[in-house]
Amino acid sequence: MDSTIKRKFSVREIREDFPALRQTIYGKNLIYFDNGATSQKPQYVLDAINQYYSKDNANIHRGVHHLSQKATSEYEASRKFIAAYLNAKSSDEIIFTKGTTDGINLVASSYGHLLNAGDEILISAMEHHSNIVPWQMLCERKGCVLKVIPINKKGEIIQDEYEKLLSSKTKLVAVTHISNSLGTINPIKEMIQKAHAVGAKVLIDGAQSIQHDKIDVKDLDCDFFVFSGHKVFGPTGIGVLYGKETLLDRMPPYQGGGDMILKVTFDKTTYNELPYKFEAGTPHIAGGICLGKALEYLNQFDIESIKKHETELADYAQDLLLTFEDMNIIGESKKKTSVVSFIVDGIHPFDMGTLLDKQGIAVRTGHHCTQPLMDFYKIPGTVRASFAFYNTKEEIDTFIAAVEKSIGMLK
Amino acid sequence: MTLEEKQKEIVEDFAIYDDWMEKYEYIIELGRDLPIIEEDKKTKDRIIEGCQSQVWLDSSFADGKMHFKADSDAIITKGIIGLLIRVLDDEKPEDIAKCDLHFIQEIGLHEHLSPTRSNGLASMVKKMKMSALQALTTNDSEQKA
């Protein structure tokens, strides 16, 4: 796809690209507002998956035959494209993973190997469990100390508190770019600068930002950036860990196996170079190729048009939701992505979600894998509507009517 | 009324609703009608944590029969609890232990009992059956003694 001339942003035309949006659920047109959990896939990606398995399937890197070389070159071309998309220095800095969780675990295990007892790791109070638990496990293993940067009621990281927690003991700051439960966009560029000032490295969890904004790892100057393919219109089971080459070079391999070695003897094994050092075994070849296709698809559009449309949707939904009595929006930062999390006094999110589902509307309910955050707000969970660029105001109107009906039944 | 007859009766009750929202309106009503479990009985050992909603279950065994009280923080979960209690309450432990709760499938609410649904209901049914089995074993050993 040629990305130099941007495609006109037309929601109607974009919707045509996503076959999953054209279906009925319980006799109603599907309204898919669970994009924070996973996104739907465009035909361009579906065709690429089909093409790979029906024509190009072969194991990569080791085969001398035509198909193996073709699959290898497509897989590596995708890595190059992703490197360019993220503005990484080289494709050696792009490690294919199973997803965000896998990327964080890789860093916790491998970069964690370089840490010592007493070293401090900072996370924020709004992290997803996958950016909490791997660090807790590392702390148990190595005697490191996990510290939590508090947030305010609006759902923003308290920067003064962050600065107070930073010290020469801080070795790593692991924060989310965008909160999956609240939608808050964190000021990561400034946070990265502050961390670097005390010599700490920074991992950014980009699971919720890669689909909404342009990521420039050089400009951000982050040390690690992780994301999942399935949240950015690509397949499940594939993701990316971006890491600065100098750091990745210093880190020991994560898993052992084929592909990650140069030479194996029973006495000693020498490891392969980057990025293969971190990719043991046959990878998710179709996933790697098609994640590149998904980013190519997204790259046809001017990201500013996408952001504008998504912000309009979220503002529209939030304004309408606030007309209901006893409505609480959870996450009120001024800098938010297209996520609206809410809870109505006296109505359990599970009940609301169940009734919305039966009206053909897919939302997420519960704690969104952020239990400490729900404890902070003293709520059992929220109902979360998360929008993508293929959603429309008409869908929000239907959603609002369904919320009204559900409140009527549950109050 | 046997356990089987009670299941049949529920299926007949639900047959009049052909719309999902009507079905849920009825379930919500059942949830509101269910006598709540006393606050002092909402203890940690009675709680069944679900990912989505929480359930409290209090089981007892008297006069050869099982008795259940349960509650949930979500009203739909509570309504379905009401149906489960209607079927299983005041029944012999041996009947509970071996019963197949097919009515849930027949009224289209089986998704709520799937272990992956994590609303606590699947664990609740398991716990009800376990306490019936426990009562059965205790009863047997008491009789033998």
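The following refers to the structure shown. Predicted, not measured: the structure shown is a model, and the values here were computed from it.

Definitions and cut-offs
Residues numbered from 1 in each chain as written. Chains lettered and ligands numbered in written order. Predicted model: local features only at pLDDT ≥ 70, side-chain atom pairs only at ≥ 80, totals over all residues. Heavy atoms only, no water. Helix = DSSP H or I, 4+ residues; strand = E, 2+ residues; numbered from the N terminus. Rg over C-alpha atoms; globule rule 2.2 N^0.38 Å. Buried < 20%, exposed > 50% of the residue type's maximum accessible area, 1.4 Å probe, protein only. Contact = heavy atoms within 4.5 Å. Areas by Shrake-Rupley, 256 points an atom, 1.4 Å probe, with all protein chains shown as cover. Lys, Arg positive; Asp, Glu negative; His and termini not counted. Charge placed at Lys NZ, Arg CZ, Asp CG, Glu CD. Pairing = 2+ DSSP bridges. Axes fitted to C-alpha atoms, helices over the stretch in contact; angles between N-to-C directions. Buried area = accessible area lost by both parts, 1.4 Å probe. Salt bridge = Lys/Arg side-chain N within 4 Å of Asp/Glu carboxyl O. Polar contact = N/O pair within 3.5 Å; in protein donor to acceptor, adjacent residues only side chain to side chain. Nonpolar A, V, L, I, M, F, W, Y, C, P; charged D, E, K, R; others polar.

Once that is clear, we can look at the overall build of chain B. Within chain B, the secondary structure is distributed over six helices and three strands. Listed by position from the N terminus, the elements making up chain B come as α-α-β-β-β-α-α-α-α. For 145 residues, the compact-globule estimate of 2.2 N^0.38 gives 15 Å, and the C-alpha radius of gyration of chain B, at 15 Å, lies within 12% of that figure. By its C-alpha atoms, chain B is 55 × 35 × 25 Å across when sized along the principal axes. Looking at chain B as a whole, 43% of its 145 residues are labelled buried. Restricting to contacts in chain B with at least 6 residues of sequence separation, those with at least 24 account for 63%. Carbon and sulfur atoms make up 50% of the accessible area of chain B, which amounts to about 7600 Å² in all. Side chains of chain B give 19 positive and 30 negative charges; the mean places of these two sets differ by 5 Å.

To continue, consider the sheet that holds strand β2 (residues 55-62) of chain B. All names here are of chain B. Within the open sheet, the three strands sit side by side as β1-β2-β3. Their pairing is antiparallel. Each of the sheet's edge strands pairs with one partner strand only, and the pair in question is β1 (47-48) and β3 (65-72). Looking at chain direction, β1 and β2 are connected through two bridges and run antiparallel. Bridged to I48 within β2 is V55. Packed onto the sheet, helix α3 (residues 75-88) meets β2 and β3 and runs at close to 175 degrees relative to β3.

Each partner contributes residues to the interface: chain A has 16 residues there, and chain B has 18 residues. Summing both sides of the interface, chain A and chain B together bury roughly 1600 Å²; the carbon and sulfur share of this comes to 63%. Looking at the side of chain A facing chain B, the largest losses of area belong to F350, K358 and M409 of chain A, adding up to 41% of the total buried there. Across the chain A-chain B interface, the total number found is one salt bridge. A salt bridge links K358 of chain A to E111 of chain B, with the shortest nitrogen-to-oxygen separation between them at 3.1 Å. Scanning the region where chain A abuts chain B turns up six residue pairs in polar contact (both at pLDDT 80 or more). The set of elements that each furnish at least two residues to the side of chain A that touches chain B consists of α12 (349-358), β16 (364-366) and α14 (393-410) of chain A. Here the element with the most residues in the side of chain A that touches chain B is α12 of chain A; it accounts for six residues. Split into classes, the residues belonging to the side of chain A that touches chain B amount to five nonpolar, six polar and five charged.

Our next topic: the sheet that holds β16 of chain A. Residue and element names in this part refer to chain A. With respect to topology, four strands assemble into an open sheet ordered β13-β14-β17-β16, the strand pairing being antiparallel. Among the strands making up the open sheet, the edge pair consists of β13 (327-330) and β16. Pairs of neighbouring strands in the sheet enclose a mean axial angle of 30 degrees, with direction left out of account. Two strands pair when backbone bridges link them, and β13 and strand β14 (residues 339-344) are joined in this way by four bridges, in the antiparallel orientation. When the bridges of β14 are listed, M327 appears paired with V344.

Before going further, it helps to examine the pairing of strand β11 (residues 261-264) of chain A. Residues and elements named next belong to chain A. Note that β11 and strand β12 (residues 269-271) share three bridges and pair antiparallel. Among the inter-strand pairings, V264 is bridged to a residue of β12, identified as T269. Connecting β11 to the next strand, β12, in antiparallel fashion are four residues.

To continue, consider unusual backbone geometry. The step from L274 of chain A to P275 of chain A runs through a cis peptide bond, and the omega angle for that step is 0 degrees. Backbone geometry at C369 of chain A places phi at a positive 60 degrees, although glycine is not the residue there. Along the polypeptide, C369 of chain A turns up in the loop between β16 and α13 (371-377). If you check the backbone angles, D90 of chain B has positive phi at about 65 degrees while not being a glycine. Assignment of secondary structure puts D90 of chain B in the loop between α3 and α4 (93-98).

Moving on: the pattern of salt bridges. For the structure shown, the criterion picks out 31 salt bridges over all chains. Ionic pairing is found between K189 of chain A and D219 of chain A, a salt bridge with its closest N-O pair at 3.0 Å. Of this pair, K189 of chain A sits in helix α7 (residues 188-197) while D219 of chain A sits in helix α8 (residues 217-220); the two residues are 30 residues apart in sequence, bridging distant segments of the chain. Through salt bridges with shared partners, one network takes in E39, K42, D71 and K78 of chain B.

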